[in-house]
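Chains, contacts and geometry: an overview
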Amino acid sequence: MATVPSSSGEEIIAVVSYYLDPKTNMAEVAFVVRDEWQNRGIGTQTLRVLIRGARRNGIRGLHRRGTHREQAMQAVFNKSNCKLKTRFSGNVISYELAFE
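First, a word on what this report is: a plain description of the structure on this page.

Rules behind the numbers
Going along each chain's sequence as written, the residues are numbered from 1 onward. Only residues with pLDDT of at least 70 are given local features in this predicted model, and only at 80 or more are side-chain atom pairs given and counted; all residues enter the totals for whole chains, interfaces and linings. For side-chain calculations, the full set of non-hydrogen atoms in the structure is used, while hydrogens and water are omitted. Each helix corresponds to a stretch of at least 4 residues labelled H or I by DSSP, and each strand to a stretch of at least 2 residues labelled E; elements are numbered beginning at the N terminus. For the radius of gyration, the atoms used are the C-alpha atoms, and the globule rule reads 2.2 Å times the number of residues raised to 0.38. The contact criterion used is simple: two residues touch if any of their non-hydrogen atoms lie within 4.5 Å. The accessible surface values rely on the Shrake-Rupley method and a 1.4 Å probe; as for residues, cover is taken only from the protein chains in view. Charge assignment in this entry is limited to Lys and Arg as positive and Asp and Glu as negative, and neither His nor the chain termini are counted. To locate a charge, take atom NZ for lysine, CZ for arginine, CG for aspartate or CD for glutamate. Residues are called lining when one of their atoms sits within 4 Å of a cavity or pocket point, these points coming from a 1 Å grid over the protein atoms alone, where a cavity is a set in which a 1.4 Å probe fits but cannot get out and a pocket is an open set with protein on both sides within 12 Å along at least five of seven lines. Grid points are joined across faces, edges and corners, and a volume is the space filled by probe spheres set on the points. The nonpolar class holds Ala, Val, Leu, Ile, Met, Phe, Trp, Tyr, Cys and Pro. Asp, Glu, Lys and Arg form the charged class, and all remaining residues, Gly among them, are polar. A pair of strands is treated as paired once DSSP finds two or more bridges between them. For Phe, Tyr and Trp, where Trp contributes only its six-membered ring, two rings pair if their centres lie within 6.5 Å, and the inter-plane angle classes them as stacked under 30 degrees, edge-to-face over 60, or tilted in between. Between buried and exposed lies partly exposed: a residue is buried under 20% and exposed over 50% of the maximum accessible area for its type, with that area taken using a 1.4 Å probe on protein chains only.

A short note on the overall build of the protein chain
A count of helical and extended segments in the protein chain gives two helices and six strands. Ordered by position from the N terminus, the helices and strands of the protein chain form the series β-β-β-α-β-α-β-β. For the protein chain, whose C-alpha radius of gyration is 14 Å, the value lies close to the compact-globule estimate of 13 Å for 100 residues. Considering only C-alpha atoms, the protein chain reaches an extent of 45 × 30 × 20 Å along its principal axes. Of all intrachain contacts in the protein chain linking residues separated by at least 6 positions in sequence, the fraction that spans at least 24 positions is 50%. Within the structure as shown, the protein chain displays about 6,600 Å² of accessible surface, and the carbon and sulfur contribution to it stands at 48%. Charge separation in the protein chain, taken as the distance between the mean sites of 15 positive and 9 negative side-chain charges, equals 7 Å.

Below you can see the structure in the form of structure tokens.
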């Protein structure tokens, strides 16, 4: 989760989470960044934090599926400094980040 100070305390601007598949030891990742905070590096920073936590927990990588229109998400994954596999199937794009 990413927050910023606000007059009422903390304002949530992004949430990132993962679901671990114990059979593959890979985790599916999901992101939500508030519209007014997009294109400011929030997704990149939250992914880096998530990667550190996943590695610490012994997870071997992350994956995500989305539409081909999610160019910002593709840029976030490209900046991950992990081995990245990208697959296309119709309008669906799949990403797999492998930790080495």
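Quick notes on the layout of surface pockets
Space inside the largest pocket adds up to approximately 400 Å³. What lines the largest pocket is a set of 18 residues, among which V33, Q38, A72, M73 and V76 lie closest to the centre. Broken down by secondary-structure element, the contributors of at least two residues to the lining of the largest pocket are β3 (26-33), α1 (42-56) and α2 (71-78). Per-element accounting of the lining of the largest pocket gives the leading share, four residues, to α2. A breakdown of the residues in the lining of the largest pocket according to their chemical character gives nine nonpolar, five polar and four charged.

Notes on the pairing of strand β2 (residues 9-21)
When strand β1 (residues 2-6) meets β2, the two strands line up antiparallel, connected through five bridges. In the sheet register, A2 faces β2, and the bridge partner there is A14. A loop of two residues connects β1 with β2, the two strands running antiparallel in sequence. Both β2 and β3 contribute to a ladder of eight bridges, which runs antiparallel. Each bridged residue has a counterpart across the sheet, and for A14 the counterpart in β3 is V33.

Some points on the packing of aromatic side chains
All chains considered together, the criterion is met by two aromatic pairs. Judged by centre distance (6.4 Å) and plane angle (75°), the rings of F31 and F77 are edge-to-face. Residue F31 is located in strand β3, and its partner F77 is located in helix α2; the two are separated by 46 residues in the primary sequence. The class for F77 is buried, based on a relative accessible area of 0%. Both rings, one in F77 and one in Y95, keep their centres 4.8 Å apart while their planes meet at 5°; by these two values the pair is stacked. Of this pair, F77 sits in helix α2 while Y95 sits in strand β6 (residues 92-98), and the two are 18 residues apart along the sequence. Y95 gets classed as buried once you look at its relative accessible area, which sits at 2%. Three or more aromatic residues joined by ring pairs form one cluster here, namely F31, F77 and Y95.

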